[in-house]
Amino acid sequence: MILPVAIAAGVENGTVSLAFRRWKVARVKTGEVFISPAGLIRITAVDEVGPDVITGEEAGLAGEKSVAALRKRFRGNDTDPVFRIALEWAGPDPRIALRTDDHLSPEDVAEIATRLDRFDVRSPCGPWTRETLGLIERNPGRRAIELAEMVGREKDPFKLDVRKLKNLGLTHSLPVGYELSERGRAFLVTERDQD
């Protein structure tokens, strides 16, 4: 589930505790935890509701000024059901602490290398992990479309792959583009020293 930055921040500070979505079927389940711009968010309830029974108070708890403003944000067909999703903040994004951890044991390096090798083996475009890490290392702050073009890839699949590196704590996003994290730099230095 994707939340705008301001809404995710509202969940973190306790001013937002609901979201409403119009979907053909519920795409989330009670108990799921997902990463948002403000950290981890847990879904505590999912209920189908009629759009006409949403109250002004509920709209406010969803970060909107009015029920009308909330309804304007609905996507999908008017015949699709509306789901009320209760949210709570579940803690900071664990990738933040991970990406600053540059004290890598030999076991850490081996585990990261194994994960990257798995990504490479499963990729329809062939090995990409080390090439992408090196590309980001040499071009911090470059837009995803520019980086993708440098290696002859389409932007969207490239961005999904960079997200996999981010989930391992090896990169992080800048206002524009990416850069290697401390962990990513330490991994590349260690792996290069082993060659």
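What counts, and at which threshold
- Residues numbered from 1 in each chain as written.
- Predicted model: local features only at pLDDT ≥ 70, side-chain atom pairs only at ≥ 80, totals over all residues.
- Heavy atoms only, no water.
- Core = buried A, V, L, I, M, F, W, Y, C linked by side-chain atoms within 4.5 Å.
- Buried < 20%, exposed > 50% of the residue type's maximum accessible area, 1.4 Å probe, protein only.
- Helix = DSSP H or I, 4+ residues; strand = E, 2+ residues; numbered from the N terminus.
- Expected span 1.5 Å × (residues − 1).
- Arc of directions from axis to C-beta.
- Pairing = 2+ DSSP bridges.
- Axes fitted to C-alpha atoms, helices over the stretch in contact; angles between N-to-C directions.
- Salt bridge = Lys/Arg side-chain N within 4 Å of Asp/Glu carboxyl O.

With that settled, consider the nonpolar core. Core analysis: the biggest nonpolar cluster contains 23 residues, and Leu116, Leu133, Phe158, Leu170 and Phe187 have the highest contact counts within it. Breaking this core down by element, the ones donating at least two residues are helix 5 (106–122), helix 6 (129–138), helix 7 (144–150), helix 8 (155–167), strand 6 (178–180) and helix 9 (182–194). Per-element accounting of this core gives the leading share, 5 residues, to helix 5.

On to helix 8, then. Taking 1.5 Å of rise per residue, the 13 residues of helix 8 would be expected to cover 18 Å, and the 18 Å separating its terminal C-alpha atoms lies within 8% of that figure. Every buried residue belonging to helix 8 is among Phe158, Asp161, Val162 and Leu165, and all of these are buried. The arc enclosing the buried residues of helix 8, seen along the axis, measures out at 100 degrees, which places them on a common side. In the stretch just after helix 8, Gly169 is the one whose phi turns positive, near 80 degrees.

Across the sheet, which stays open at both edges, the 4 strands sit in the order 1-4-3-2 with antiparallel pairing between neighbours. Pairing within the sheet leaves two strands with one partner each, and these edge strands are strand 1 (18–22) and strand 2 (33–36). Taking each pair of neighbouring strands and ignoring which way they run, the sheet shows an average axis angle of 40 degrees. Note that strand 2 and strand 3 (residues 39–49) share 4 bridges and pair antiparallel. Considered in strand 3, the bridge of Ser36 is made with Gly39.

We now examine the pairing of strand 1. The element strand 1 is extensively covered by neighbouring structure, given that 4 of its 5 residues are classed as buried. Note: strand 1 against strand 4 (residues 82–91), 5 bridges, orientation antiparallel. Following the sheet pairing, Arg21 is matched in strand 4 by Phe83.

Applying the stated criterion to the full structure yields 16 salt bridges. In this structure, the salt-bridge partner of Asp117 is Arg130, at a minimum N-O distance of 2.9 Å. Here Asp117, found in helix 5, pairs with Arg130, found in helix 6; they are 13 residues apart in sequence, far enough to count as distant. Residue classification places Asp117 among the partly exposed residues on the basis of a relative accessible area of 40%. Across the pair Lys164 and Asp161 runs a salt bridge whose closest N-O atoms are separated by 3.2 Å. With Lys164 and Asp161 both in helix 8 and 3 residues apart, the pair spans about one turn of that helix.

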